[in-house]
Amino acid sequence: MNLFKLTLFYFLAFTQTTLAQHKAVCNIPEPGLVLKTNIEGSPNYFFRAFPDSDKVAYNGDGTNFVMNMKTGEKFSVPGSYDPVPLFDSKTLTTSSDIGFYFYPVHSNKETTKEEVNLFDKDLKGTYQSVGEIQKINSISKYRIIVVGSEFKQISYAEYLADSSTTPSRINRTKLKNGLCAEKDLKLPMISKDGQYLAARENNASPPRTKIYRITAEDTCEEILDLGLATGKVDFSFDGRKIVFHIDTLQSVDYFNDAGDSTVGNMNVFEMDLKSKKIKQLTYSSNGHSYFPSYRRDGKIVFIRNTGEEDSTEKYSFILVDPKKIKGLQIDEQPPLSTELNCDANQQKDALSAIGQAWYKICAKADTSHEQGFILGANLSREKCLDLVQNYSDSIQLPTSWKLEKKELIKLCGGMSQAKSNKTQPTIKKIVSAKQDPVSIFNSKCAVCHNDNEPFKDPEALKKWPAKLTKGAKTWKDALPMRLKSKDEAFRMPKGGELTQDQINTLLNYID
Ligand code: HEC
């Protein structure tokens, strides 16, 4: 072998191993994956899974389709917005600004306009969702809500549908314009029994998703505040769970309209309404997983957008069984290693740094401390070791730290065994899973302010003399000035940066 060939050989061998490693670390296994079907063209955001089959109804490039995820076969149905099936799967609804349509669904051919079951000119609006308030044999009573484009209000109508005939016989029994009109609700979705609404309350500050009971007077009684803004919520058929996506690269309480799929990193979460525990179901290393929709069996369909332009793999429908997904959950008590020479908070920060490195490498983006921690604390031991051993440059630990690579390896080593006694998080914990002030001082300030200042004692810290800050006598005065200043030479931490959350945490600490 001559030198050139030898070099080429090494070059190829080397690039191949690095590519393989890159793939291995980014590819988080999807244990609950049941089915994946690529979508031709671009699907609209809004689609629905059929309750009892592998079919999905969606709008692709302006045309409504019913597709069988197993065979890939699809047939068009009239309408150009938001196709949503009734629960017997025989009828598809589609909304518009001039009225509401019901069409029969065929398993082997398209549906034509002439086949319309019912056109209701009085129910105007889009983004419909369907609940079934009663069912006796073949007759169901449905409550359907739409968001009116004209009045921006939520309207609903109730229909009796008899599915013993083909096509089903459908009649309207009630129409109401202005549901929960006392509130400013966005992205409303009705529960499967028609009694509850999930929506983003726009007047709340910050705007966030809440669950309401629909009262007999058609007002909304708040029963749950998720504490964060999510994409459109879907209720499970048994009413016990909800599923939604949030953008994991944005701070969790920031509302992202989820309309723009070219930014951020959307992932799917399921929440148990009774325990309020939530579990993250997807970890898109690139692109997004969004607008999840339940089937009656509790399985979930969502769209994955890999962001790979001009690829037939860009969009797909993914069917998962959430029961098979252990869920990577945030936890107050991270997996702790007693062999390590640092406290629980520092280990938490280290895990966050490892998780953040994963996002940097795989999603090519910076993520929050919280999201980094959720991922870092739940990586398998192998993935954690892979990151520490092969990507240590991407793991940014606070500069004041003495944790060495071999100690991070120990941290990874302690992971799987500590995992078993973890409890699921509640949604509040995710929202408020901020760093505590002492660990911020330790990681961001102590490197220069070596152990003179009483960081662990807020009362003493307040009174600590500030000799180098004009206009301040003590740290109580100096800290806000130093943290909030726009002057880089004066602002703390010198040469570094804190997030707004971290700044608030420190200011509250000495308040
Ligand atoms: C890279 C070194 C460095 C880091 C990191 C750093 N500081 Fe400082 N800090 C200094 C120096 C040097 C001074 C004094 C000189 C000056 O006024 O800038 C100072 C001054 C201060 C003062 C004013 C004290 C006085 O007596 O007036 C406060 C308050 C302060 N720092 C808070 C913090 C906090 C809080 C953090 C962490 C979030 C932090 N610093 C991180 C170097 C640092």
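For the structure, see preceding data.
So, a few notes on the structure that sits alongside this text. Sequence order as written defines the numbering, with residues in each chain counted from 1. Selection of residues for local features in this predicted model requires a pLDDT of at least 70, selection of side-chain atom pairs for listing and counting requires 80 or more, and totals for whole chains, interfaces and linings are taken over all residues.

**Section: the overall build of the protein**
The criterion, for reference: We count a stretch as a helix when DSSP gives it H or I for four or more residues in a row; a strand needs E for two or more, and each element gets its number in order from the N terminus. Any residue with 12 or fewer other C-beta atoms within 10 Å of its own C-beta is exposed, any with 20 or more is buried, and the rest are partly exposed; the C-beta atoms used are placed from the backbone. Any residue pair is listed as a contact if its two C-beta atoms, each placed from the backbone, are within 7 Å.
Secondary structure summary: the protein contains 11 helices and 24 strands in total. In the protein, buried positions account for 40% of the 511 residues. The contacts of the protein with a sequence gap of at least 6 include a subset with a gap of at least 24, amounting to 51%.

**A word on the packing of helix 2 (residues 344-363) against helix 3 (residues 369-378)**
Basically, it comes down to this: Under this scheme, a helix contributes an axis fitted over its contacting stretch, all axes are lines through C-alpha atoms, and angles between N-to-C directions fall in the 0 to 180 degree range. In what follows, roughly perpendicular refers to angles from 65 to 115 degrees, roughly parallel to angles under 35, roughly antiparallel to angles over 145, and oblique to any angle outside these ranges. Basically, the charged four are Asp, Glu, Lys and Arg, the nonpolar ten are Ala, Val, Leu, Ile, Met, Phe, Trp, Tyr, Cys and Pro, and anything else, Gly included, counts as polar.
For the pair helix 2 and helix 3, the least separation of the axes is 6 Å and the interaxial angle reads 95°. Accordingly, the angle class assigned to the pair helix 2 and helix 3 is roughly perpendicular. Of the residues in helix 3, those touching helix 2 at Lys-348, Leu-351, Ser-352, Ala-353, Ile-354, Gly-355, Gln-356, Trp-358 and Tyr-359 are His-369, Gly-372, Phe-373, Ile-374, Leu-375, Gly-376 and Ala-377. The class makeup of the residues in the contact of helix 2 with helix 3 is nine nonpolar, six polar and one charged.

**A look at the site of the ligand**
Stated formally: The rule is simple: place the C-beta atom from the backbone, and if it lies within 6 Å of a molecule or strand, the residue is near it.
The environment of the ligand is formed by 19 residues, the closest being Cys-445, Cys-448, Thr-469, Met-492 and Pro-493. The biggest single contributor to the shell around the ligand is helix 10 (residues 475-484), with four residues. For the shell around the ligand, the per-class residue count stands at 11 nonpolar, four polar and four charged.

**Regarding unusual backbone geometry**
Omega for the peptide link from Thr-166 to Pro-167 comes to -5°, which places this bond in the cis form. Structurally, the position occupied by Pro-167 is in the loop between strand 12 (154-162) and strand 13 (169-177). A cis amide bond links Met-492 to the next residue, Pro-493, at an omega of -5°. On the secondary structure map, Pro-493 appears in the loop between helix 10 and helix 11 (500-509). The backbone of Asp-61 sits at a positive phi, close to 45°, despite the residue not being glycine. Mapped onto the elements, Asp-61 comes out in the loop between strand 3 (55-60) and strand 4 (63-68). With 11 C-beta atoms counted inside 10 Å, the residue Asp-61 sits in the exposed group.

**Re the sheet that holds strand 17 (residues 220-225)**
Strand pairing in a sheet relies on backbone hydrogen bonds, with the paired strands running either antiparallel or parallel. The line we're drawing: Two strands are counted as paired when DSSP detects at least two bridges linking them.
Across the sheet, which stays open at both edges, the four strands sit in the order 14-15-16-17 with antiparallel pairing between neighbours. In the strand order of this sheet, the two ends are held by strand 14 (185-190) and strand 17, each with one partner. If you compare each strand with its neighbour and ignore which way they point, the axes differ by 30° on average. Summarising the sheet, strand 16 (residues 208-214) and strand 17 pair through five bridges and their orientation is antiparallel. When the sheet's bridge partners are listed, Ile-214 is paired in strand 17 with Cys-220.

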